[in-house]
Amino acid sequence: MPMRTSFSASPSPAIAHQRRRWHHRAAWALLLALSACGGDSDGDATPEGRAQALAAGAAATSWIEVPQVADPLIDGVVPGAQADTLGMFSPVLPWAINAIHLTQLPNGKVMGWGPRGDALAAMTYDVWDPAKGTTLAAAHTVWDDFGKPDSFCGGATYLPSGVLLQGEGGSDGVAKSTFIFDPATQARVQLATSFAHQRWYATMLTLADGRALTLGGMVPYTEGQYANPVGALNAGQSSLTPEIFELAQAGDPKSGAWRSLLGASSELAFGPQFLRSSYPRAWVAPDGKVFGISTEQMWSLDPDGNNGQGVVTPLGAFKTGRDDVTRPNIGTPGTAVMYAPGRILKVGGNGYWVLDGAVASAAATIVDINGPTPQLTEAAPMRFGRRMVNATVLPDGQVFVHGGTELAISEVNAVRTPEMWNPTTGLWTTMAPAVRARLYHNTAVLLENGTVLTAGGGTPGLPAATIDPAMPVALARVLASTTVWSGAPEITRVASSSTPRAGAPTGGASAASRTTSVETHAL
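Quick summary incoming for the structure in this document. (Residues numbered from 1 in each chain as written. Predicted model: local features only at pLDDT ≥ 70, side-chain atom pairs only at ≥ 80, totals over all residues. Heavy atoms only, no water.)

To continue, consider the side chain of Q273. With respect to the helices, strands and loops of the structure, Q273 is situated in the loop between α7 (267-270) and β17 (281-284). Each residue touching Q273, except ones within four places of it in the same chain, is listed here: P229, L233 and E267. (Helix = DSSP H or I, 4+ residues; strand = E, 2+ residues; numbered from the N terminus. Contact = heavy atoms within 4.5 Å.)

Put into structure tokens, the structure is as follows:
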């Protein structure tokens, strides 16, 4: 049976759910347009009042049919008997490259870049349109970009205009060039501006005001610098100074230029000690500054402090350095996500880089940065120790952790069983296992339909030109003793009606209360 839901003005963000079909974007845009026309919102309206208003204006209501679009990724997979409790992975799907870099584009497509085989390079690009299916011929656009510098192990972030800003990785020994990729044209353009410092293994993020920031990094192939920090500093192997990307013309990324934040140079945050220079974990904090964890140290960066030159403030130790007995969750081999505003989950790791031979950590730590100083709380550990691990925040706030290895780049030690962390209970749940091991250079991204796309692995060793979409438990339910795909109700029709609002003056923008009605079918 159809179900109707009414909204006054714009819909609540709570409407968003794990399984957003491709047509939902257009439907919500239409709903917002209908809601915005004809006046301000009726903030005092009760549910009963809205229902009466809808009934009173029913004769004037015009329904707009929303086309139902199939989801080939989910519709082609039969849910397992326990998909509603353990989730499941789809069959392994082909991919043209080993996607050691992966991103969800603003247009709903997914782009990966990496080598076509087991090579230390990322010069082949694959854009996949999930709406067109899963075959390479029908749904993928693949091209080589050999004429431009390589972005292997470089950073990337989105600018407000929707283009992807990329940094050079450095397979040729240099990591300074920068690029923009426009999803609309699928063109990758090298910018005139370059980094002042080498940015192999650098972090890139976008600030609240839209400027991009790059942090850390090093001269390519100098991961061993932590063994001789003084020598590394003398040789300039670590990039101690952050850089900020600023536009000369608003909205034109090609007008951007990198500027060094000379006041924010820091060994504690970006030095060779404990390999802090390698992919410092960083987020925009609730206070607008940047909070970071570099191996065993925490810090804050104010890009505008010190008269615009930036300043780094130490915030204390996170953990110790590598320890194969206590196995702290530190270093590049682990991962971390901000699962709620100002709250970070950091898991796995131990050690400094992938080939250091450290034993994996199962530890999990909650870092709360909503106050003046970070508060650390040890969460329940994962069932498995993991290095080379990925974590993805799901739409319901849970964290999906998958892939990795307990020791070395090894199929024998690979962890194929993902785990789900519930921030409400603080507990972990082991999920249905993956078919394919995802080790060094594995990647993951949340798709618009609520599945988690896992890809990559290898380079060096065990290259994986495949993908495995993981179906979280929220996408399935049991109906008449049979497990079926479920999720958010599908929008089928949208309508809007206007009625006079009690006590409102006639004429003008506030003369009427506008109610938008959405008719759905449960899945």
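Turning our eyes to something else, we now look at the packing of aromatic side chains. For the structure on display, the rule yields 17 aromatic pairs. A centroid spacing of 5.2 Å and a plane angle of 70° characterise the contact between F270 and W299, whose relative ring orientation is edge-to-face. A residue pair is termed long-range when its members are at least 10 positions apart, and F270 in helix α7 and W299 in strand β19 (residues 297-302) qualify at 29 residues. The exposure class of F270 is buried, given its relative accessible area of 0%. Using a relative accessible area of 0% as the deciding quantity, one classes W299 as buried. (Phe/Tyr/Trp six-rings, centres within 6.5 Å; stacked < 30°, edge-to-face > 60°. Buried < 20%, exposed > 50% of the residue type's maximum accessible area, 1.4 Å probe, protein only.)

Right, let's get into the pairing of strand β18 (residues 290-294). Most of β18 is tucked away: five of the five residues are buried. Side chains of β18 alternate between two faces, with V290, G292 and S294 and F291 and I293 buried alike. In the sheet, β17 pairs with β18 via four bridges, with the strands oriented antiparallel. Looking at β18, one finds that A282 is bridged to G292. Taking the residues between adjacent antiparallel strands as the criterion, β17 and β18 are bridged by five residues, where G288 takes a positive phi near 90°. (Pairing = 2+ DSSP bridges.)

What follows concerns the sheet that holds strand β12 (residues 187-194). Here four strands make up an open sheet; going across it, the order is β9-β10-β11-β12 and the pairing antiparallel. The open sheet has two edge strands with one neighbour each: β9 (156-158) and β12. With direction set aside, neighbouring strand axes in the sheet form an average angle of 25°. With three bridges joining them, β9 and strand β10 (residues 164-167) adopt antiparallel strand pairing. Directly across from T157, in β10, lies its bridge partner L165. (Axes fitted to C-alpha atoms, helices over the stretch in contact; angles between N-to-C directions.)

A word on unusual backbone geometry. Here C153, not a glycine, exhibits a phi torsion of approximately 65°, which is positive. Along the chain, C153 turns up in the loop between β8 (140-144) and β9. The exposure class assigned to C153 is buried, which follows from its relative accessible area of 4%.

Okay, the side chain of T103 next. Counting through the fold element by element, T103 comes out in strand β5 (residues 101-104). For T103, the side chain forms a polar contact with the side chain of Y158, separated by 2.8 Å. If we ignore the near neighbours within four places in the chain, the residues touching T103 are K109, V110, M111, W113, Y158, L164 and V445. (Polar contact = N/O pair within 3.5 Å; in protein donor to acceptor, adjacent residues only side chain to side chain.)

Side chains that differ in charge, positive against negative, can pair when their charged atoms come close. Per the stated rule, a full pass over the model turns up 15 salt bridges. Residues R416 and E411 are paired through a salt bridge, measuring 2.5 Å at the closest nitrogen-oxygen approach. Each member of the salt-bridge network shares a partner with another, and the members are D209, R211, E246, R259 and D304. (Salt bridge = Lys/Arg side-chain N within 4 Å of Asp/Glu carboxyl O.)

Just geometry here; none of it tells us what the structure is for.
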